[in-house]
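# Survey of secondary and tertiary structure
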Amino acid sequence: MSSASSPLPRTPEVVCVGESMGLVTALGAPLAETETATLGIAGAEGNVAVGLVAAGHPAAWASRLGDDPIGTRIATELGRRGVQLWATTDAAAPTGVMFKDPGIESSSVYYYRRGSAASLMAPGFLTPAQLDGVRIVHTTGITPALSASCRDMVDELYSTARAAGALVSFDVNDRRALWSRDDAAATLSRLADAADIAFVGRDEAERIWGTATASDIRAHLPRCGLLVVKDGDVGATAFRGDEEPVFVPAPRVEVVEPVGAGDAFAAGFLAASLDDADLAERLSAGHAAAARVLTTHGDLPPLA
C-alpha cells in the first residue's frame, strides 16, 4: 500500500490481461549452437501496456507470476517502464519461459509455460469494481489458449469489462503451439467477433479461418465494433460499422526482427483511439509504433 506521502497511481486508462514470460534469445548463432544469449521478457499484453505508457497513457498489466527470479525480472522491467502491476504471486507455480531463435522473416520460439502461474488465472480474477474508471480492457488469443480456466476467465472478462463501462480490445494473436486449429478457429472467431476493437493479421486469419482478404475477414467477423486487419508490410485496414473501410499503407522499414511488432501496432492504435483520433490517424500511429520495434531484436524498444 502507498504511504500517506506517496501519490496514488492514476487509474489506468487501459488494463492488459495476459501472461508475460522470461525470454531467452540466441545471439550470433542458432539456439542449438550459440554460447551467447540474452535474458529479457516477453508477453503480448505486457508489450501493449508498455507501448501505451510510452505513448502517454497510464496502463496496467494484470496477471499472475511465480515467486521466482524470472517473475521478479518481469515485474521489475514492467515497473521500470511505468506500467502499473496488477499481478499476484504464486509460491507453488512457476513463471513461464520462452526461448527464441531470431530471424529476419520469422522467428522460431519454444515455450515452457505449461502449468505456469499465469495459466492458473480463472473467473473472478478481475471484478467490475477493480475496473471502475478504466476505458479499455485488452487481451489476446494467447490467454484463452493457456488453459480451460483462462478461457473461462476471458469469457467472463468481456462481461466484467462492460459492466465497468470499459471497451473490450482483443488481438487474435494465434499461437499454433498452444492449441489445435479447430479449438483456435472456434474460440478466436467468437472472441474477436464479440469485441469492441479487434486486431487480426491477414495471414493468420487465412491460416485459421481460410479468409484470404481483409473483406473476407470482415464478412467472417460482422459483429465486431471496430475490426483492424493487418497485412504485414502492405498496410492495415479498419472496418467500423457501415462506414467505408479505411486503408493506410505500412511505411518502409529496415527489419531487424519482427516479433513484438503486432503488439506495438495495437498499442499505437489504442493510444490514438484514446486521443479520439480518426481511423486513418489510428492506423498511422499503429504503423509508427510497430516500425520502432521492427528495428530492434527485443520485443520492446530500448528505453530512451
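Preceding this paragraph is the structure being described.
Just so we're clear, the structure is a prediction, and the values are computed from it rather than from any experiment.

Now for the overall build of the protein chain. Looking only at helices and strands, the protein chain has nine helices and 13 strands in total. Taken against the 2.2 N^0.38 rule, which gives 19 Å for 304 residues, the C-alpha radius of gyration of the protein chain at 18 Å falls within 12% of a compact globule. For the protein chain, buried positions account for 52% of its 304 residues. Pairs at least 24 apart in sequence give 70% of the contacts found in the protein chain among residues at least 6 apart. For the protein chain, the accessible surface area stands at approximately 13,400 Å², while carbon and sulfur atoms represent 53% of it. On the protein chain, the mean spot of the 24 positive side-chain charges and the mean spot of the 38 negative ones are 1 Å from each other.

Strand order across the open sheet formed by nine strands is E5-E4-E1-E8-E9-E10-E11-E12-E13, with mixed pairing between neighbours. In the strand order of this sheet, the two ends are held by strand E5 (84–90) and strand E13 (246–249), each with one partner. Within the sheet, the average angular offset between the axes of one strand and its neighbour, ignoring direction, is 15 degrees. Both strand E11 (residues 226–231) and strand E12 (residues 235–240) contribute to a ladder of six bridges, which runs antiparallel. Within E12, the position partnered with valine 228 by the bridge is alanine 238. Along the sheet, helix H9 (residues 279–294) contacts E11, E12 and E13; its crossing angle with E13, the most-contacted strand, is approximately 30 degrees.

Here we come to the sheet that holds strand E6 (residues 97–101). Spatial ordering of the open sheet is given by E3-E2-E6-E7, a layout of four strands whose pairing is mixed. On the outer flanks of this sheet lie strand E3 (37–42) and strand E7 (108–112), each paired with one strand and no other. Neighbour-to-neighbour, the strand axes of the sheet open up by a mean angle of 25 degrees, direction not taken into account. Sheet topology note: the strand E2 (residues 21–26)/E6 ladder contains four bridges and is parallel.

Quick look at the packing of aromatic side chains now. The final tally for this structure, using the stated rule, is four aromatic pairs. Taking the centre distance of 6.4 Å and the plane angle of 85 degrees together, the rings of phenylalanine 199 and phenylalanine 265 count as edge-to-face. Of the two residues, phenylalanine 199 sits in strand E10 (residues 197–201) while phenylalanine 265 sits in helix H8 (residues 261–274), which places them 66 residues apart along the sequence. With respect to class, phenylalanine 199 is no different from phenylalanine 265; both count as buried. Ring plane angle 15 degrees and centroid distance 6.4 Å describe the contact between phenylalanine 265 and phenylalanine 269, whose orientation is recorded as stacked. On the criterion of helical spacing, the pair formed by phenylalanine 265 and phenylalanine 269 is a turn pair, its members being four residues apart in helix H8. Each member of the pair, phenylalanine 265 together with phenylalanine 269, is buried. One aromatic cluster is present, built from ring pairs that chain together Phe199, Phe265 and Phe269.

Turning our attention to the pairing of E6. For E6, a buried count of four out of five residues is recorded, marking the element as mostly surrounded by other parts of the structure. Relative to E7, E6 runs antiparallel, the two sharing five bridges. Across the sheet, phenylalanine 99 pairs through a bridge with tyrosine 110, a residue of E7.

The rules we used
- Residues numbered from 1 in each chain as written.
- Predicted model: local features only at pLDDT ≥ 70, side-chain atom pairs only at ≥ 80, totals over all residues.
- Heavy atoms only, no water.
- Helix = DSSP H or I, 4+ residues; strand = E, 2+ residues; numbered from the N terminus.
- Rg over C-alpha atoms; globule rule 2.2 N^0.38 Å.
- Buried < 20%, exposed > 50% of the residue type's maximum accessible area, 1.4 Å probe, protein only.
- Contact = heavy atoms within 4.5 Å.
- Areas by Shrake-Rupley, 256 points an atom, 1.4 Å probe, with all protein chains shown as cover.
- Lys, Arg positive; Asp, Glu negative; His and termini not counted.
- Charge placed at Lys NZ, Arg CZ, Asp CG, Glu CD.
- Pairing = 2+ DSSP bridges.
- Axes fitted to C-alpha atoms, helices over the stretch in contact; angles between N-to-C directions.
- Phe/Tyr/Trp six-rings, centres within 6.5 Å; stacked < 30°, edge-to-face > 60°.

All we've got here are geometric facts, nothing functional implied.
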